[in-house]
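Residue-level listing of the chains:
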Amino acid sequence: MTEVATARRSRITPEREAELYEAVLDLLREVGYDALTMDAVAARTRSSKATLYRQWGGKPELVARAIRHNKPGSIADVDTGSLRGDLHALSTREDDCTMQQNAALMRGLFMAVHGNPDLLQAFKELLIEPEMEEFHRVVQRAVDRGEVQAGRPALDYIVHMLVGAFATRTLIDDQPPTQEFITSYIDAVVLPALGVPVT
């Protein structure tokens, strides 16, 4: 899929690609995944539907790539010298307003994933697996520095803890996730589970 996708995507400029992704995200926020159509994307971006299919193959890949493009850089590029610093830096890459918008968008997409195996596959290939690999590098640096013991059981669950905090903030507290909430959660839950002292 990757070579084919790369070949398809080489025909569009980065600026045009960014414009298309922004339009896809806007439409997702307006109508949700199920009601989003390639016709609507084509109309919003003044593109032909044939061009969209040629570049992205279909709606699942287009949506997954739009979400990936919207991420603020690579997780693995964050290196403050400590795991606590890295996790705090990752949690503050988006301001509270952006975090709230993205949380609402992701909640809708998570529901859509359950009924759409193609979207799930696109999410796994283009979002989940690459981000897990990047996050693993951040954690491995902490292990290499001696901050975290290699056999610590919670190591396998850091992403689950963070995603859980982000996703359930609205459900449990009826409030959007914020930088303050996420950083306090990291200090109160994630770092103690890893045996990292919070100073």
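Look up a bit, the structure's there.
Residues numbered from 1 in each chain as written. Predicted model: local features only at pLDDT ≥ 70, side-chain atom pairs only at ≥ 80, totals over all residues. Heavy atoms only, no water.

Q: So what's going on with the overall build of the chain? Residues and values would help.
A: Counting secondary structure elements, the chain contains ten helices and zero strands. Ordering the α and β elements of the chain from the N terminus gives α-α-α-α-α-α-α-α-α-α. Over its C-alpha trace the chain gives a radius of gyration of 18 Å, about what one expects of a compact globule, namely 16 Å for 199 residues. Looking at the chain as a whole, 41% of its 199 residues are labelled buried. (Helix = DSSP H or I, 4+ residues; strand = E, 2+ residues; numbered from the N terminus. Rg over C-alpha atoms; globule rule 2.2 N^0.38 Å. Buried < 20%, exposed > 50% of the residue type's maximum accessible area, 1.4 Å probe, protein only.)

Q: So what about the pattern of salt bridges? Which residues, and what values?
A: Summed over the entire model, instances satisfying the criterion amount to 16 salt bridges. Its salt-bridge partner being Glu30, residue Arg44 comes within 2.8 Å of it at the nearest N-O pair. Of this pair, Arg44 sits in helix 3 (residues 38–45) while Glu30 sits in helix 2 (residues 14–31); the two residues are 14 residues apart in sequence, bridging distant segments of the chain. Asp79 serves as the salt-bridge partner of Arg145, at 3.8 Å between the closest nitrogen and oxygen. Of this pair, Arg145 sits in the loop between helix 8 (117–144) and helix 9 (158–173) while Asp79 sits in the loop between helix 5 (59–70) and helix 6 (83–91), and the two are 66 residues apart along the sequence. Among the charged side chains, a salt-bridge network with shared partners connects Asp79, Asp86, Arg141, Arg145 and Glu147. (Salt bridge = Lys/Arg side-chain N within 4 Å of Asp/Glu carboxyl O.)

Q: Can you lay out the packing of helix 8 against helix 9 for me, pointing to particular residues and giving the numbers?
A: Two elements in contact, helix 8 and helix 9, have axes separated by 11 Å at closest approach and are oriented at 115 degrees. Relative to helix 9, the element helix 8 lies roughly perpendicular. Every residue of helix 9 that contacts helix 8 at Met132, Phe135 and Val139 is listed here: Ile158, Val159 and Leu162. Residues belonging to the contact of helix 8 with helix 9 are distributed by class as follows: six nonpolar, no polar and no charged. (Axes fitted to C-alpha atoms, helices over the stretch in contact; angles between N-to-C directions. Parallel < 35°, antiparallel > 145°, perpendicular 65-115°, else oblique. Contact = heavy atoms within 4.5 Å. Nonpolar A, V, L, I, M, F, W, Y, C, P; charged D, E, K, R; others polar.)

Q: Give me the lowdown on the nonpolar core, citing residues and values where you can.
A: Val24, Leu28, Val63, Ile67, Leu109 and Phe123 are the most contacted members of the largest nonpolar core, which totals 29 residues. Those elements giving two or more residues to this core turn out to be helix 2, helix 3, helix 4 (49–56), helix 5, helix 7 (96–114) and helix 8. Apart from residues no more than four positions distant in its own chain, Ile67 is found in contact with Leu25, Leu105, Met106, Leu109 and Leu127. Ile158, Ile182, Tyr185 and Leu194 belong to the second-largest nonpolar core, a separate cluster that totals 26 residues. (Core = buried A, V, L, I, M, F, W, Y, C linked by side-chain atoms within 4.5 Å.)

Q: For the packing of aromatic side chains, give the residues involved together with the corresponding values.
A: The tally for this structure, following the rule as stated, stands at two aromatic pairs. Positioned over the ring face of Phe181 is Arg169, at 4.1 Å from the centre of the ring. (Phe/Tyr/Trp six-rings, centres within 6.5 Å; stacked < 30°, edge-to-face > 60°. Lys NZ or Arg CZ within 6 Å of the ring centre and 35° of its normal.)

Q: Break down unusual backbone geometry for me, with residues and values.
A: Notably, Arg46 is not glycine yet its phi reads approximately 55 degrees, a positive angle. With respect to the element layout, Arg46 can be found in the loop between helix 3 and helix 4.

Q: Summarise the side chain of Glu131; cite the residues concerned and give the values.
A: Structurally, Glu131 is set in helix 8. A distance of 3.3 Å separates the side chain of Glu131 from the side chain of Arg68, its partner in a polar contact. With sequence-adjacent residues up to four places away left out, Glu131 is seen in contact with Arg68, Lys71 and Ile75. (Polar contact = N/O pair within 3.5 Å; in protein donor to acceptor, adjacent residues only side chain to side chain.)

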